[in-house]
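What follows is each chain in one-letter form.
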Number of protein chains: 2
Amino acid sequence: MILLEKALEIIREATNEIILETEIVEVDKSNGRVLAEDIVSDMDFPSFDKSAMDGYAIKRSDIEKLLEVIEFIPAGKKPEKNISKGQCSKIMTGAMLPEGADMVVKIEDTELIGDKVKIKNLKSKGNILFKGENLKEGDIVLNKACKINPVHTGILASTGVNNPTVFKKPILSVISTGSELVSPEEKPFPPQIRNSNSTQIQSLAYEYGAEVSFMTQVEDDENKILQSVKAALLKSDIVVLTGGASFGDLDFSQKVFESLNAKIKFT
Amino acid sequence: MILLEKALEIIREATNEIILETEIVEVDKSNGRVLAEDIVSDMDFPSFDKSAMDGYAIKRSDIEKLLEVIEFIPAGKKPEKNISKGQCSKIMTGAMLPEGADMVVKIEDTELIGDKVKIKNLKSKGNILFKGENLKEGDIVLNKACKINPVHTGILASTGVNNPTVFKKPILSVISTGSELVSPEEKPFPPQIRNSNSTQIQSLAYEYGAEVSFMTQVEDDENKILQSVKAALLKSDIVVLTGGASFGDLDFSQKVFESLNAKIKFT
């Protein structure tokens, strides 16, 4: 017996050199796949100075003045007017900061007096997200070999990567050995049992991002197991055998590996 | 703002009465689905007295005798001979216990003297798994509403449930609001930004077992948002809006819900 962590380490070492082929997938189907490329941002984030609040874009030096409102700037609309002394523009969260403004006072810190704006809180923060503050064009946002999760799909979409290159899924075969096995569809008559391992391994393979190409069930017969393993090796990256791994008279798995000159890394 | 746990509790309460339709799936595609039925075992586990070890099936009262080997019993083969006094059968792990035997001595605790078996360790355990020891026919093995994981697929297969009845996946729509949004395929020109939320929500929906039937992007226009929500409600169980949820001049989401007489459970 061997500790799981140790086993994984041995497997990782032994498979370090194996390079899977790559393929291109759609970003909305990329969850769970493994990136085969570094993802680089194609722009600054934010890509323009923007307001972090609903409020008024002003000149900080005007904070004590009564200000004239010259424009309404929703998100997505380019400001048309520059802010000059004594002026402000009403601005929504995410909207582009107008030229001439160097702070946004949030709506709660202001008061309308007639049609003029008065700032009630003179210690207001700036409330601006500056161009490139979060990320610069050319920065790596996701590294090669990253396993893509839903947050990553959002990052891919926001950097315009709609078709990331990912590694192809490893192909796995499952060979269940044991003369006592019947398929799950059948009712086993003692001393038979249903082969449930295959189904479980198949589900695990899917969950961990592998494809299953080949599932078979073989009786305890050294030559039949050998032929199955040979067939599986031709069409898969990973072959999983269940059963026959002990040292009983009919435990042939180890013998089969030996006859294939396989290196047994752990038992 | 509200704590995630509290929000989930409110959602759980509000959706308690909703019954999704059910459908039948293949067990090897059932991972991540939610059972719509209790799963009952169609047999005892084990379904026969079996050996837990590779060894010899004997009568305990014979443990000090030299024993004659009368049969070899591999897993999957029905024993043909009863064990009488002074006899034993070689038996493999998982194989059916022959009549007359009441214990299995593991191979390591025995010695061959000529063609007779001698038990070296007189304190050997029984090494028998008795019929029904793990589970009785008719026992519930998985409960309704259980979210199926790979281990469960193995349990389903071993109880002969190849087509479990599961709840249909809830259908989710995603409506992104914001005049600043362009689709991820496009390069945004300031003050635009890419709509990456939809992609992330779609991935999350898939990951948590929902289908996504409808994704759309709407500018900040109360009527257009209302029409989108109405369209989405017709074809989905869950409608997710992103954007427009604050109290700015163009934050219409809440107004849209009010005009639909929706009950707002939290903000």
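Residues numbered from 1 in each chain as written. Chains lettered and ligands numbered in written order. Predicted model: local features only at pLDDT ≥ 70, side-chain atom pairs only at ≥ 80, totals over all residues. Heavy atoms only, no water.

A.B. asks: Would you mind going over the domain arrangement of chain A with me for this structure?
C.D. replies: Interfaces are often sized by the amount of accessible area the parts lose when they come together. Each assigned domain of chain A is listed here: domain 1 (22-44 + 133-167), domain 2 (50-129) and domain 3 (171-259). Between the C-alpha centres of domain 2 of chain A and domain 3 of chain A the distance comes to 69 Å. (Domains from an automatic or database assignment.)

A.B. asks: Honestly, the sheet that holds strand S7 (residues 103-106) of chain B in this entry has me stumped. Any pointers?
C.D. replies: The strands making up a sheet are joined through hydrogen bonds of the backbone, oriented either antiparallel or parallel. All names here are of chain B. Here we have 6 strands laid out as an open sheet, ordered S7-S4-S6-S5-S9-S8, and mixed in their pairing. Edge positions in the sheet fall to S7 and strand S8 (110-113), since each has one partner strand and no second. Along the sheet, successive strands turn relative to each other by an average axial angle of 40 degrees, direction set aside. Two elements, strand S5 (residues 67-73) and strand S6 (residues 87-91), share 5 bridges in a ladder whose sense is parallel. Note on S6: the bridge partner recorded for Phe72 is Lys90. (Pairing = 2+ DSSP bridges. Helix = DSSP H or I, 4+ residues; strand = E, 2+ residues; numbered from the N terminus. Axes fitted to C-alpha atoms, helices over the stretch in contact; angles between N-to-C directions.)

A.B. asks: In this structure, what is going on with the packing of helix H3 (residues 197-207) of chain A against helix H2 (residues 150-158) of chain B? I would like to understand it.
C.D. replies: When two helices pack together, their arrangement is given by the angle between the helix axes and by the axis-to-axis distance. Closest axis-to-axis distance for the H3(A)/H2(B) pair is 7 Å, and the angle between their directions is 155 degrees. Here H3(A) is positioned roughly antiparallel relative to H2(B), judged by the angle of their axes. Remark: the crossing between H3(A) and H2(B) carries right-handed chirality. Every residue of H2(B) that contacts H3(A) at A:Thr199, A:Gln200, A:Ser203, A:Leu204 and A:Glu207 is listed here: B:Pro150, B:Val151, B:Thr153, B:Gly154 and B:Ala157. Residue composition of the contact of H3(A) with H2(B), grouped by class: 4 nonpolar, 5 polar and 1 charged. (Parallel < 35°, antiparallel > 145°, perpendicular 65-115°, else oblique. Left-handed = near helix turned anticlockwise from the far one by under 90°. Contact = heavy atoms within 4.5 Å. Nonpolar A, V, L, I, M, F, W, Y, C, P; charged D, E, K, R; others polar.)

A.B. asks: Just checking my understanding: could you explain the interface of chain A and chain B for this structure?
C.D. replies: If you look at the interface, chain A gives 52 residues, while chain B gives 52 residues. On the chain A side of the interface with chain B, the three residues burying the most area are A:Pro150, A:Pro191 and A:Arg194, jointly 14% of the side's total. Taken together, the connections running from chain A to chain B amount to 6 salt bridges. Across the pair B:Asp42 and A:Arg194 runs a salt bridge, and its minimum N-O distance is 2.7 Å. There are 14 residue pairs in polar contact (both at pLDDT 80 or more) connecting chain A and chain B. (Buried area = accessible area lost by both parts, 1.4 Å probe. Salt bridge = Lys/Arg side-chain N within 4 Å of Asp/Glu carboxyl O. Polar contact = N/O pair within 3.5 Å; in protein donor to acceptor, adjacent residues only side chain to side chain.)

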